[in-house]
Amino acid sequence: MAKLPFMQPVVVGLALLFGGAIAIVATMQQKQVATPHHPHHDHHSSTATQHHSGGAPNTHAELVNAPTPPPQQATTFTLAIRSHSGEAVTQFERFQEELMHLIIVSDDFQVFQHLHPRYLGDGQFQVTTTLPQGGGYTLIADYKPTGANETVAMIPIAAQGAAPSPPAPTAQTTQVIGTTTVELKLPQPLKAGSAVEVAFRLRDAATQQAVTDLRPYLGEAGHLVILRETTPLKPVDYLHAHAVDRQPKETVRFMTQFPTPGRYKLWAQFQRGEQIVTAPFWVTVN
Ligand SMILES: [Cu+2]
C-alpha cells in the first residue's frame with residue numbers, strides 16, 4: 001500500500017465516514033477540437049486532437065462507489081458524468097463508434113486496457129474489468145456530451161497490493177504480438193511541438209509477409225493512444241492520435257504532436273480478423 005496515489009487515503013477516510021456513497025471528482029480538461037474528428041465525418045486529413053489547458057470544462061467524471069479492486073478479480077466501475085452544478089449529463093454523441101472510450105493504465109504503464117463502458121442512462125456508464133496487478137492506475141474517460149467538446153477525465157484509483165517491479169523501458173521498435181510483427185516507424189530525432197507522422201508496419205510473424213486480414217477498428221485504420229510518463233497523469237499527457245486513412249494497409253499511419261520533451265508510451269491497436277492487436281512502444285521526445 002506504499003505507492004497509493006495521495007487521494008486514496010482521503011477516499012478511504014470519506015468512504016468510512018459516509019458509508020461508501022462517495023464520488024471521486026476527476027481532474028478534467030476539455031479538448032478544444034478545431035475540426036470535427038469523428039470517424040464518420042470526413043477527417044481523413046485531420047491532425048492530432050489538440051489539448052489546451054485553458055477554458056473551464058463543462059462536465060466532469062466521478063467514480064461512483066469508488067472500489068479498491070483486488071487484482072485478478074472482476075471489478076465493476078460506474079462513472080457518472082455531471083455538469084459543474086452537479087446535475088447528470090445525459091446526452092452523448094458517439095465518436096469512433098462509441099459513447100465513451102475508457103483507457104485504464106497502471107502507473108508503471110505495464111497494464112493498458114481500452115474499454116467501452118455501457119451507457120446505463122442518467123449520465124452513468126458502467127464497465128466490468130479485471131486488473132491484473134496491484135498498485136495505482138488511472139482511469140481515462142474520453143466522451144463527448146451532445147453539443148459540447150470532447151472531454152478527457154482522469155480518475156486515479158488503487159488496486160489492492162503493490163505492483164510488481166516493471167521491466168526497464170526499451171527503445172525497441174519491433175514487437176511481436178501473437179502472430180503479428182508490428183514495426184514502429186518514426187522520424188528521428190523526435191521533436192516536441194511539431195506535427196509528426198507515426199507509422200506502423202504490420203507483417204505476419206510466421207511468414208514476414210504483409211498482413212492481409214486487417215480490418216478497420218472502431219471505424220478507423222487503427223487507434224493510437226499515447227501517454228507521457230509522469231505522475232500524476234493529467235489530460236494534457238494523453239494523446240489519442242487519429243489514423244490518416246480509414247482503410248488499413250500494411251503500413252498504418254497516424255498524425256500526432258508530442259507537446260513536451262520526455263518519455264512517452266505508445267499503444268497502437270489494430271484489428272486482424274476478429275482479433276485486436278495491441279502493440280506497446282516507448283519513445284523519447286527531445
Ligand atoms: Cu475506444
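Reading guide: rules and limits
Along every chain, residues carry numbers that run from 1 in the direction the sequence is written. Restriction of local features to residues with pLDDT of at least 70 applies here, the model being predicted, together with a cutoff of 80 or more for giving and counting side-chain atom pairs; totals for whole chains, interfaces and linings are based on all residues. Excluded from the side-chain calculation are hydrogens and water; included are all heavy atoms of the structure. Each metal site lists N, O and S donors within 2.8 Å (3.2 Å for Na, K and Ca). With water left out of the atoms, a site can look as if it is missing ligands. Burial here depends on accessible area, computed with a 1.4 Å probe over protein chains only, as a share of the maximum for the residue type. Under 20% is buried, over 50% is exposed, and the range in between is partly exposed. Put simply, two rings from Phe, Tyr or Trp (the six-membered ring, in Trp's case) pair if the centres are within 6.5 Å, and we call them stacked under 30 degrees between planes, edge-to-face over 60, tilted for the rest. A run of DSSP states H or I qualifies as a helix once it reaches four residues; a run of E qualifies as a strand once it reaches two. Both are numbered from the N-terminal end. Among buried residues, the Ala, Val, Leu, Ile, Met, Phe, Trp, Tyr and Cys ones that are joined through side-chain atoms within 4.5 Å form a nonpolar core. In this description, contact between two residues means that some pair of their heavy atoms is separated by no more than 4.5 Å. Should DSSP find at least two bridges between two strands, the strands are regarded as paired. By definition here, a salt bridge exists when the distance from a side-chain nitrogen of Lys or Arg to a carboxyl oxygen of Asp or Glu is within 4 Å.

J.: Before we go on, may I ask you to explain the coordination of the copper ion in this structure?
T.: Any two of four tetrahedral donors ideally make an angle of 109.5 degrees at the metal, while pairs among six octahedral donors ideally make 90 or 180 degrees. For the copper ion, the protein coordination sphere consists of His101 (ND1), His114 (NE2) and His116 (NE2), at 1.8 to 2.0 Å. In primary sequence terms, the donor set of the copper ion follows H-x12-H-x1-H. On the basis of relative accessibility, which here comes to 25%, the residue His116 falls in the partly exposed class.

J.: Which parts of the structure should I look at to understand the packing of aromatic side chains?
T.: Two measures describe an aromatic ring pair: the distance that separates the ring centres and the angle between the ring planes. Inspection of every chain in the model, using the stated rule, returns 12 aromatic pairs. With centroids separated by 5.6 Å and ring planes inclined at 70°, the aromatic side chains of Phe109 and Trp267 adopt a geometry described as edge-to-face. Highlighted residues: Phe109 in the loop between β5 (100-106) and β6 (112-115) and Trp267 in strand β18 (residues 262-272), separated in sequence by 158 residues. Look at Phe109 and you get buried, because its relative accessible area is 3%. On the basis of relative accessibility, which here comes to 2%, the residue Trp267 falls in the buried class. The structure contains a cluster of three or more aromatic residues connected by ring pairs, namely Phe92, Tyr119, Phe125 and Tyr143.

J.: How should I be thinking about the nonpolar core in this particular structure?
T.: Soluble globular proteins: nonpolar side chains tend toward being buried together. Membership of the largest hydrophobic core comes to 28 residues, with the highest contact counts inside it found for Phe200, Leu224, Phe258, Leu266, Phe270 and Val283. Broken down by secondary-structure element, the contributors of at least two residues to this core are β12 (180-185), β13 (195-204), β15 (223-228), β16 (238-243), β17 (251-257), β18 and β19 (275-285). Broken down by element, this core gets its largest block of residues, five residues, from β19. Those residues in contact with Val283 that sit more than four places away from it in its chain are Leu184, Leu186, Leu190, Phe258, Gly262, Arg263, Tyr264 and Leu266.

J.: I tried to follow the pairing of β5 on my own but got confused; where do I start?
T.: It is a general feature of regular strands that their side chains alternate between the two faces of the sheet. Summarising burial for β5: seven of the seven residues are buried, a large majority. Taking every second residue as pointing to the same face, both faces of β5 are buried, with Met100, Leu102, Ile104 and Ser106 on one and His101, Ile103 and Val105 on the other. A loop of five residues connects β5 with β6, the two strands running antiparallel in sequence, and Phe109 in this loop sits at a positive phi of about 65°.

J.: What should I look at first to understand the pattern of salt bridges in this one?
T.: If the charged atoms of two oppositely charged side chains come close together, the side chains can form a pair. Applying the stated criterion across every chain yields a total of 15 salt bridges. Arg253 is the partner of Glu197 in a salt bridge, and the nearest nitrogen-oxygen pair spans 3.5 Å. Pair noted here: Glu197 is in strand β13 and Arg253 is in strand β17, with a separation of 56 residues, a long-range link. Residues Asp237 and Lys234 are paired through a salt bridge, measuring 3.9 Å at the closest nitrogen-oxygen approach. Bridged by salt links that share partners, the residues Glu183, Lys185, Arg201, Arg203 and Glu250 form one connected network.

J.: How do you make sense of the pairing of β18 when you look at a structure like this?
T.: With nine of 11 residues buried, β18 is to be regarded as a mostly interior element. When strand β14 (residues 214-215) meets β18, the two strands line up antiparallel, connected through two bridges. Residue Leu214 lies in a different strand from β18, and its bridge partner there is Arg272. Looking at chain direction, β15 and β18 are connected through six bridges and run antiparallel. Pairing of Arg228 across the sheet is with Tyr264, part of β18. As paired elements, β18 and β19 share 11 bridges and run antiparallel to each other. Within the sheet, the bridge partner assigned to Lys265 lies in β19 and is Trp282.

J.: Which parts of the structure should I look at to understand unusual backbone geometry?
T.: It is generally the case that most residues other than glycine have a negative phi and that most peptide bonds are trans. Here Gln188 and Pro189 are connected by a cis peptide whose omega angle stands at -5°. Structurally, Pro189 is set in the loop between β12 and β13. Note the cis peptide between Thr231 and Pro232, where omega equals -10°. Relative to the helices and strands, Pro232 is located in the loop between β15 and β16. Non-glycine residue Gln208 carries a positive phi angle of around 60°. With respect to the helices, strands and loops of the structure, Gln208 is situated in the loop between β13 and β14. Here Gln208 falls in the partly exposed class, since its relative accessible area comes to 36%. For Leu218, which is not a glycine, the phi torsion comes out positive at approximately 55°.

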